[in-house]
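Structure at a glance
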Amino acid sequence: MVKQSMNAFLQQAGTLLYRYLRKRGLAHEDAEDIVQDTCYKFLLHKNGIHSDKVMSWLYRVATNQFYDLKRKETRHPTTELEEVQLTSFIHIPEIQMLKKEKLKDIQNTLETLSILHQELLILKYELGLSYKEISALMNKNENTLKTHVRRAREEFTERFKEDIHDE
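Here's a quick rundown of the structure. (Residues numbered from 1 in each chain as written. Predicted model: local features only at pLDDT ≥ 70, side-chain atom pairs only at ≥ 80, totals over all residues. Heavy atoms only, no water.)

1. So, the pattern of salt bridges
- The final tally for this structure, using the stated rule, is 6 salt bridges.
- Between glutamate 126 and lysine 23 there is a salt bridge whose closest N-O contact spans 3.0 Å. Taken together, the residues glutamate 126 in helix H6 (residues 115-126) and lysine 23 in helix H1 (residues 2-23) connect sequence positions 103 residues apart.
- Between arginine 24 and glutamate 119 there is a salt bridge, with the nearest N and O atoms lying 3.7 Å from each other. You can see arginine 24 sitting in the loop between H1 and helix H2 (28-45) and its partner glutamate 119 sitting in helix H6, a full 95 residues away along the chain. Assigned by exposure class, arginine 24 and glutamate 119 land together as buried. (Salt bridge = Lys/Arg side-chain N within 4 Å of Asp/Glu carboxyl O. Helix = DSSP H or I, 4+ residues; strand = E, 2+ residues; numbered from the N terminus. Buried < 20%, exposed > 50% of the residue type's maximum accessible area, 1.4 Å probe, protein only.)

Printed below as a string of structure tokens:
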């Protein structure tokens with residue numbers, strides 16, 4: 001019974017972490033690798049983690065691995081497969097191209113924000129987590145998070161409008 005509940009918990013947590021990492025821009029394989037490694041580390045160290053801090057611990061481990069991977073990519077840049085495929089297609093419908101451009105604009109604007117603001121916006125608006133859930137994940141006061149999310153949203157909106165206006 002305990003083994004089944006542990007498996008169910010890890011599947012649920014793994015899905016949440018995977019979605020978070022994909023929204024941060026990781027490829028499917030990289031996100032899966034980080035989730036698998038995070039769950040493995042949890043199983044190794046689960047006895048040393050307080051039960052009320054498990055999700056924040058998992059989130060922090062996955063986030064740190066995300067940062068490590070991004071640092072590695074900046075040292076050894078590679079070409080994204082999606083970029084290669086986009087340039088090789090001639091008959092892409094115009095609507096799909098506009099959607100891709102808009103998503104790229106959103107991603108570029110998001111990357112100009114602080115790391116904290118990026119994480120908060122993704123957790124709140126992309127993954128749809130409540131302030132209470134984000135508070136538990138990040139181990140921070142709920143009211144403080146509400147203020148940070150509001151500021152992040154305002155900053156994102158302002159920068160996005162500037163980027164669109166500059167074009």
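2. Here we look at helix H7 (residues 131-138)
- By the burial criterion, the buried members of H7 are Ile134, Ser135, Leu137 and Met138. The arc enclosing the buried residues of H7, seen along the axis, measures out at 165°, which places them on a common side.
- Looking one or two residues beyond H7, the residue adopting positive phi is asparagine 139, at roughly 60°. (Arc of directions from axis to C-beta.)

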